[in-house]
Amino acid sequence: DERLWLTRSANFYCALSKQKFANTFQREHPGVMVMWAGTLGYLWEAPEYSDDCLDKITGREDHEEVFEEHGLESIDLLAACRFFGVMGITLALLGAFPYARRLIGFWPAWVGFMILALDPYHIAISRFLHLDGLLSAFMLLSALAFMVYLRERRFRDLAISAVAGGFAWLTKSPALFLILFAGLLTLLGLLETLVRDQGWRGLLASVKTRKFWTLCWKSAWPLVVWAGIAAVVFFALFPALWVDAGAVLSRMFLKTNEYASVGHGRPIFFNGQVIELGDLGLEFYYFYPLTFLWRTTPMVLLGLLVAVVAFVLKSSIFNDRRVQRFGVALSLFTLFFTIAMTLGMKKFDRYLLPAYPMVDLLAGLGLFVAAQWLSAQRWLEWTRKYGMALLLGAALVVQTIPVVDTYPYYLTYYNPLMGGSPKALDVMQIGWGEGLDEAARYLNAKPNAEDLWVNTWYYYGCFSYFFEGQGESMSGKYTWPQDQIDRWFFDTDYAVVYVHQWQRRTPELMLKYLATQVPEHSVWIDGIEYARIYKMSSYLDFYDAPTYRTVDISLGDQIRLEGYNLAQRQFAPGDELRIAFSWEALRKPDERYKVFVHLLDASGKLVTQSDFEPLGGYRPTDAWKPGDRTPDHHLLSLPPDLPPGTYTLWVGMYSGASGERLAMTQDGNDMGDSFALGAVEINTP
C-alpha cells in the first residue's frame, strides 16, 4: 500500500500548491496525517515537483513514470516520506511518556515504553508510510492525556488530548473510538464520585435532584469541549472540508459502513482455511485475540500475567488506587477496541495496532512488579543493590532479541511460544511484500536484467522500486482472460510467486501449472519461503532441450502430440516426476479435453497419475486454433512406499464431459487410446 500513499501524498502536495483544495481528498480513511507527512517528504526531497505536477495520478501503474519524468526516484521519495511519518510517531510517543509518568511513576512508565519501543510488530508497522502506526501513536497520546486530565483537571491536558484525537481522526476512522473511551472513563469517574459520597442507595435517590444533574453536567462539559477542539483540528488540517464538507464526510461515512458490513471481496487465508470472499464475520470472533498471540512477544505475555496476579492480590504498586485505575483504563481500551474491530467484516491483524501500546504498558507494569519482588527476596543477596536494574535489563534484552533477529524485515516476527515463523504459515496470512526486494536483486544479477519482463505479485512498489527491468503485477488478477494467459505464459521471462498466493491458492490454475516446475531460486526469511522465482520456458527452450523426443502421434483428426520432455527416468519413492508435452491443434478441437499421464506397474496397476487440462487449465483445448502449439507440463508425486522396480508411463486425452478417450494413431497405425512413453526405474531410497 505504500506506493498508493506515496502517490496520494504527491496528489495532496500538488493540490495544496495549486490551491485545488477539493483534490486533497484522496481516500475515505481519510489518511490526511499520512499525506501531511508525505507532503513534508516531498518538500524535503523534491520541492520542485509542485512546479508542473499532474493534478491527479492514478496511483497504480503510472506513478513511477510520472516521477521519472520529473527526474525523481520513487524509492528516494518513499524514504523521505517515511522519515516524517516515523518522526510524527516518535513525537507522539515522546509526548505520551510524561503522561504515563504522571499516572504511574517514572520507572513503571519507562519500562512500559521500552517494551513498546522494542515491540517488533509495532516497529514493523510504524516504519511504513501508512495509517496504523500514526493512528496508534495519536490514540495513545490522546488517551493518556485525557486520563491525566480526569485526575488533575488541567485544561492544557484536555486540549492536548483533543488535538491528538483530531490527529487520530484525520488518520483513520476507527479513531472515533476515542469518543467512546473518553465517555466511558468520564462515566466511571462520575459513578465513583457519586457512590463514594452517597452510596448506591443515595445515588438512586439523588437522580431526581438538581444537584445530581449539575454534577453530571460538570463531568460532561469537558467531553463537549474535547470533541469541539478535535473537530476544529480535523477541519483545519483537512483542506477538502473547506470546499465541500458534506460530500467528504458522506463518502467517509459510507466507506466506514462498507468496511463494517462487507469483507475483503477476495480470498483470505486464516487459521488453516481459505475464506473465498474474505468475509471474516462474527464467527471469526477469535481473529484478533489469536493474531495478537502470534504477533506479541513472550516478555509481553509474561508481564501481562504478572500484572493480572498483582492486580488481583493488590500487591506492590497495584496497591495504589491510581495504578489500579490506570490498569483498568488500559484494559477497558483494549477490550472494547478489540470488540469494535471484531464487529467489522473486514479484518487485518494490523487493525488492532492501537491496542498494542496499551497492552505493552500493562506488561511493563507487570515486569516492573516482578523485578521489584525478586530484588526484595532475602535469599538473593546480590539483588538487593543491583537486582532491580539487572532484572529489568535482562527483560529488555530478551525483548530486544526478536527485533535483532528479524532486522530489517520486522514483519517476519511471529511469537516463538506459538510455534514461530514455520508454524505461522498454518495460521497467519504471510507477507506485505518483504522478500520481493531480494527477488529483484537476484534477477538484477542476470546479464540482461534490463531487458527482462517479470510478472509478480505486488510488482509496483515492492518489486519495481528495486528491479532494473520491466514487468506487470499479478495482484488482483484472480481470473484472467485468455489473451492475458497467453501473454503470461509465452511473453514473460520470469514469474515471481509470493507466499500468500499459495496460502490462498490464487490464481489456482496458475499455481497448478507452476507446481509442475522447479523454481530457479527461492527467497527465504526467518524460516519462511517468501518468494519463488520461475524461469518461464520459451518455445525455443522447450523444443531445443536435450531430452525432447519427437513422437508425432495424432489424436483423432483434432490434435497432434508432437513430442515430450522427460529429463530423467531414475527416481526414488516419494520423488516428484515432471514431464512436459508439446501439443498442436490440427483443427479447432470440438470440446475441452483433459490430458492423463499414468504410471503403471508391471502388472498394469495404476500407482500415480496426473489428470489436467493443458497448462493446468490455462490453455483449454476448446480455445485452440488450427496450428496453435502448446507446451504442457505435468507433475506426478510418487508414493513414498512405492516398491523398487520398472514402471511404464502412459499418456492420452479424454473428453472432460463424457470421459471418452481420443483414439491415437502414428504413421497411420492404430495406437489405441494411450501411448507408452517408456520405462521408468524406481530405485531403493
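Residues numbered from 1 in each chain as written. Predicted model: local features only at pLDDT ≥ 70, side-chain atom pairs only at ≥ 80, totals over all residues. Heavy atoms only, no water.

A. Helix α13 (residues 298-313), seen in detail. With 16 residues, α13 ought to run about 22 Å at 1.5 Å a step, and its terminal C-alpha atoms sit 23 Å apart, in line with that. Positive backbone phi, approximately 50°, marks K314, located one or two places after α13. (Helix = DSSP H or I, 4+ residues; strand = E, 2+ residues; numbered from the N terminus. Expected span 1.5 Å × (residues − 1).)

B. Region of the structure containing the pattern of salt bridges. Under the defined criterion, the tally for this structure stands at 26 salt bridges. Taking the shortest distance from any N to any O, the salt bridge between K423 and D426 comes out at 3.6 Å. You can call D426 partly exposed: its relative accessible area is 41%. Connected through salt bridges with shared partners, the residues D552, R560, E562, E584 and R629 form a single ionic network. (Salt bridge = Lys/Arg side-chain N within 4 Å of Asp/Glu carboxyl O. Buried < 20%, exposed > 50% of the residue type's maximum accessible area, 1.4 Å probe, protein only.)

C. Quick look at the state of the cysteines. All told, the structure shown has one disulfide when counted by the stated rule. Each disulfide pairs two cysteine sulfurs, and for C14 the partner residue is C53, the sulfurs being separated by 2.0 Å. Disulfide C14-C53: torsion about the S-S bond near 80°, hence right-handed. Residue C14 is found in helix α1 (residues 2-17), and its partner C53 is found in the loop between α2 (32-45) and α3 (63-69); the two are separated by 39 residues along the sequence. Assessed through its relative accessible area of 0%, C14 is described here as buried. C81 takes part in no disulfide bond, and the closest cysteine sulfur, belonging to C53, lies 14 Å away. Its relative accessible area of 0% is what places C81 among the buried residues. Take C462: it sits in no disulfide, and the sulfur closest to it among the cysteines is that of C81, at 16 Å. (Disulfide = S-S within 2.5 Å.)

D. Local environment of the layout of surface pockets. Approximately 760 Å³ is the volume found for the second largest pocket. The wall of the second largest pocket is formed by 26 residues, among which L185, L188, G189, E192 and R325 lie closest to the centre. Listing elements by their share of the lining of the second largest pocket, those giving two or more residues are α7 (131-152), α9 (177-206), α10 (210-236) and α14 (321-342). At nine residues, α9 tops the list of elements feeding residues into the lining of the second largest pocket. Classifying every residue of the lining of the second largest pocket by side-chain character gives 13 nonpolar, five polar and eight charged. (1 Å grid on protein atoms, 1.4 Å probe; cavity = no way out; pocket = protein on both sides within 12 Å on 5 of 7 lines; lining within 4 Å. Points joined across faces, edges and corners; volume = space filled by probe spheres on them. Nonpolar A, V, L, I, M, F, W, Y, C, P; charged D, E, K, R; others polar.)

E. Structural detail: the sheet that holds strand β16 (residues 664-666). Pairing within the open sheet is antiparallel, and its six strands lie in the order β14-β11-β9-β8-β16-β17. Looking at the sheet topology across the chains shown, the edges are occupied by β14 (629-637) and β17 (669-670). (Pairing = 2+ DSSP bridges.)

F. Here's a closer look at the sheet that holds strand β5 (residues 494-498). Pairing is mixed in the open sheet, where five strands are placed in the order β4-β3-β5-β7-β6. Strands at the two margins of the open sheet, each flanked by one partner only, are β4 (470-473) and β6 (521-525). Taken over all neighbouring pairs, the strand axes of this sheet differ in orientation by 20° on average, direction set aside. Where β6 lies against strand β7 (residues 528-535), five bridges are found, and the strand directions are antiparallel. Bridging across to β7, I525 finds its partner in I528. Taken strand by strand, helix α18 (residues 436-444) contacts β3 (453-456), β5, β6 and β7, and its axis lies near 160° from that of β5. (Axes fitted to C-alpha atoms, helices over the stretch in contact; angles between N-to-C directions. Contact = heavy atoms within 4.5 Å.)

G. Just the environment of A92, in detail. Relative to the helices and strands, A92 is located in helix α4 (residues 74-104). Taking the C-alpha atoms as reference points, A92 and L511, 419 residues apart in sequence, are found 45 Å from one another. The contacts of A92, once residues within four sequence positions are left out, are A137, F138 and L141.

H. Here's a closer look at the packing of aromatic side chains. Taken as a whole and assessed by the stated rule, the structure comprises 44 aromatic pairs. Look at F25 and F238: their rings are 6.3 Å apart centre to centre, the planes differ by 15°, and that puts the pair in the stacked class. In this pair, F25 sits in the loop between α1 and α2 while F238 sits in the loop between α10 and α11 (239-261), placing the two residues 213 residues apart along the sequence. Overall, the relative accessible area of 8% leaves F25 in the buried class. Here F238 falls in the buried class, since its relative accessible area comes to 0%. (Phe/Tyr/Trp six-rings, centres within 6.5 Å; stacked < 30°, edge-to-face > 60°.)

I. Quick peek at the packing of α2 against helix α8 (residues 155-171). Where α2 meets α8, the closest approach of the two axes is 5 Å, and the angle between their N-to-C directions is 90°. One finds that α2 runs roughly perpendicular with respect to α8. Here V32, M33 and V34 of α2 come into contact with α8, specifically with F167, L170 and T171. Here the contact of α2 with α8 is composed, by residue class, of five nonpolar, one polar and no charged. (Parallel < 35°, antiparallel > 145°, perpendicular 65-115°, else oblique.)

J. Quick peek at unusual backbone geometry. A cis amide bond links Y407 with the next residue in sequence, P408, at an omega value of 0°. Following the sequence through the fold, P408 ends up in the loop between α16 (383-406) and α17 (420-424). Here the bond from T506 into P507 is cis, since omega is -15°, no more than 30 degrees from zero. In this structure, P507 sits in the loop between α21 (499-504) and α22 (508-514). In this structure, D526 takes a positive phi of about 50° despite not being glycine. Relative to the assigned elements, D526 resides in the loop between β6 and β7.

K. A look at α11. With 23 residues, α11 should cover 33 Å at 1.5 Å per step; its first-to-last C-alpha distance of 29 Å lies more than 12% under that length. Along α11, the helix axis deviates most sharply at A245, where the bend reaches about 110°. (Bend = angle between axes of the 7 residues up to and from the residue.)

L. Structural context of a nonpolar patch on the surface. On the surface, L305, V308, V309, F311, V312, L313 and V328 cluster together to form a nonpolar patch covering roughly 630 Å² of accessible area. For the nonpolar patch, the element with the most residues is α13, which contributes six residues. Relative to the assigned elements, V312 resides in helix α13. (Patch = residues over 30% accessible without salt bridge, like charges linked within 9 Å, V, L, I, M, F, W, Y side chains within 5 Å. Areas by Shrake-Rupley, 256 points an atom, 1.4 Å probe, with all protein chains shown as cover.)

M. The arrangement of the nonpolar core in detail. The biggest cluster of nonpolar side chains holds 161 residues, and the ones touching the most others in it are Y49, L144, F238 and F463. It is α7 that contributes the most residues to this core, 15 residues altogether. With sequence-adjacent residues up to four places away left out, F238 is seen in contact with T24, F25, P30, V32, L170, V248 and M252. I559, L561, L636 and L642 belong to the second-largest nonpolar core, a separate cluster that totals 31 residues. (Core = buried A, V, L, I, M, F, W, Y, C linked by side-chain atoms within 4.5 Å.)

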